[in-house]
Amino acid sequence: MTSSPGTPARTRFAPSPTGRTHLGSGRTALYDFLLARQTGGQFILRIEDTDRKRLEPGAEEELINNLRWLGLEWDEGPDVGGPHSPYRQSERKDIYLHYAHQLIQMGRAYYCFCTQARLAQLRQEQMKRKEPTHYDGLCRRIDPGQAEQRVAAGEPHVIRFKVPEEGGITAHDHVRGDITVENRNIDDYILIKTDGLPVYHLAAMVDDHLMEITHVIRGSEWLPTFPLHVHIVRAFSWDEPVWVHLSVFLKPSGKGKMSKRDTAEAIKDGFSIYLSDLRKMGYLPEAVVNWSALMGWSYDDRTEFFTMPELVEKFSLERLNPSPAAINFSKLDHFNGLHMRRLEVPDLAARIKPYLMKAGYEVDDETLLRVTPLLQERIVTLDDAVAVGGFFFEREVTPNPEDLVGNHMTPAESAEAARRAYQILADLPEIDQETAEGPLRSLAEELGISAGQLFSILRTAVTGRNVSPPLFQTMAIIGKEIVLERLANAIELLENLNG
RNA sequence: GCCCCCAUCGUCUAGAGGCCCAGGACGUGGCCCUCUCAAGGCCAAAACAGGGGUUCGAAUCCCCUUGGGGGCACCA
């Protein structure tokens, strides 16, 4: 029933392809992956597509892309196959039917012929009487032989699980402990729909058993139907997996879960709960993994930085936290910075490149390689490279003339300072920190201004903005020719400004 | 309304009866470094929801209240 830390775990991530991949799904898949890798077991991807109405084209593909992006490779799945194929539930219809019929034979399930209209009305009446909304068991009382006849005659029907009328059940959640529920509070849930396809409650239990899943890791939205699932598993006398219900994610305020509107707000602020958005925004998969791993799980009282291999080593089911966690996007920024700074320069450069190109810059690798170290400690997301370092890849730069004026200086004084700096720089064989800084500092002194005043004029002239990476390193990369060109242009702007 | 779950700084969390007048991280404020912006370093403010028990002793165990969350589909 429970496996000791050493035994290989078989875990599964079982999403339904009904929409975009959510952060919460990513975290569940991550934990599945970590546990499997840590124990030398297998991580399985199973597509739960039994709801044909809610299916969204492309969702499965998006899902697969997102999981791969996070670095979560699965050992068995619809695309890679495996010993328990198929891994798409819509292709396993007969299997579920077989087990549903077995349940009927055992007296643990029954055919139900109630129409959806009757069920809706029933629910409404129960609500009005402030009673729990449950199936009233009408078809439970039909003679099984008679029911078989009606089914044979082609009457539309579903199959319902027969929950015992008396007693209760104790289900064990690994995170929360025992959860005991009275049977009368558990509905006779539908197992097989009129279309012959199963509902999650049956399909997941059957597949988890057949696929020899040892740990079911899923969201806590399954807690209410958890006792039902245990009933089903026990009805078949199957071994129970370790049940692990993860906490839900709340919106950043901690009040309620992310609504459509909250999601839109987040995107406006440069955040999102969708994996593909996060990727587009320039977050590193390493950071998303590190960040989401820590929502609902902790290692100790001080360690927070983890790489994937470290997580594989340190992850533990025992340190899962049952309480809901509010999403903290600023912490994602923090982790993104940490992981970014840890990357080798060529690696970071390769990741930045697509963002620069998408912004329309022509990027030559040699320059990029020299620019990247300057960007590395300044950008929060890969996309920031465009705003912070775009000017490295432009021929011309267009500073705001006002910004060229030095602090507490007149345009004329600024122009003169720029002219003097131009002469100094023009006489240098090449411009870099060693050759340029000393002479320019002396110039500032001679002009009776601070180095900061002079540098800010040059910065704006050379980069087109008043905030940039360190001046001399920046000029070294840009090169003498273009630096002088931009400086000349700035001097002209200042002279015109003077009027 | 009914069922279930949860409850430590604004947020993520450490804490499994004395090590805690509660530790770390993000964020915030200040200082240092400094050619701007960052990065980095240092410091600060900031929490055991409330009430009853149990105990020599409770953030830690029990109960109640309150608050929050999830679910109540021929969706997952």
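Since the structure is predicted, the reported quantities are computational estimates derived from the model, not experimental observations. (Residues numbered from 1 in each chain as written. Chains lettered and ligands numbered in written order. Predicted model: local features only at pLDDT ≥ 70, side-chain atom pairs only at ≥ 80, totals over all residues. Heavy atoms only, no water.)

The full set close to RNA strand B counts 63 residues, and Lys193, Thr194, Glu377, Arg441 and Ser468 are the nearest of them. Of all RNA strand B atoms lying within 4 Å of any protein atom, the proportion belonging to sugar or phosphate reaches 71%. Lys193 is positioned such that a nitrogen or oxygen atom in its side chain is 3.2 Å from a phosphate oxygen of RNA strand B. Take Arg378: an N or O atom from its side chain is 2.5 Å from a base nitrogen of RNA strand B. Those elements that provide at least two residues to the surface near RNA strand B are α4 (116-128), α6 (200-210), β11 (325-326), α12 (329-342), α18 (451-463) and α19 (471-478). Of the residues forming the surface near RNA strand B, the biggest block, four residues, is contributed by α12. Tallied by class, residues from the surface near RNA strand B come to 24 nonpolar, 18 polar and 21 charged. (Near = heavy atom within 4 Å. Polar contact = N/O pair within 3.5 Å; in protein donor to acceptor, adjacent residues only side chain to side chain. Helix = DSSP H or I, 4+ residues; strand = E, 2+ residues; numbered from the N terminus. Nonpolar A, V, L, I, M, F, W, Y, C, P; charged D, E, K, R; others polar.)

Glancing now at the packing of helix α1 (residues 23-39) against helix α10 (residues 285-293). Put simply, α1 and α10 touch, their axes get as near as 10 Å, and they point 85 degrees apart. In this view, α1 runs roughly perpendicular relative to α10, as classed from their interaxial angle. Residue-level inspection shows Leu23, Arg27, Leu30 and Tyr31 of α1 in contact with α10, the latter providing Val288, Val289, Trp291, Ser292 and Ala293. When grouped by side-chain class, the residues that make up the contact of α1 with α10 number seven nonpolar, one polar and one charged. (Axes fitted to C-alpha atoms, helices over the stretch in contact; angles between N-to-C directions. Parallel < 35°, antiparallel > 145°, perpendicular 65-115°, else oblique. Contact = heavy atoms within 4.5 Å.)

All right, on to the pairing of strand β5 (residues 168-173) then. Here β5 shows one buried face, formed by Ile169, Ala171 and Asp173, and one open face, formed by Gly168, Thr170 and His172. Pairing between β5 and strand β6 (residues 177-182): six bridges, direction antiparallel. Note on β6: the bridge partner recorded for His172 is Asp178. Connecting the antiparallel pair β5 and β6 is a turn made up of three residues. (Buried < 20%, exposed > 50% of the residue type's maximum accessible area, 1.4 Å probe, protein only. Pairing = 2+ DSSP bridges.)

For the bond from Ser85 to Pro86, the omega torsion is -5 degrees, close enough to zero to count as cis. In this structure, Ser237 is a non-glycine residue whose phi angle is positive, near 60 degrees. On the secondary structure map, Ser237 appears in the loop between α7 (226-235) and β9 (242-246). Not every positive phi belongs to a glycine, and His408 is a case in point at roughly 60 degrees.

Moving on to the nonpolar core. Side chains of nonpolar character tend, in soluble globular proteins, to be buried together. With 110 residues, the main nonpolar core has Leu425 and Leu440 as its most contacted residues. Considering each element in turn, this core owes the most residues, eight residues, to α1. If sequence neighbours within four positions are ignored, Leu440 has contacts with Ala421, Ile424, Leu425, Leu454, Phe455, Leu458 and Phe472. Ranked by size, the runner-up nonpolar core spans 47 residues in total, among them Ile44, Ala147, Ile159 and Leu228. (Core = buried A, V, L, I, M, F, W, Y, C linked by side-chain atoms within 4.5 Å.)

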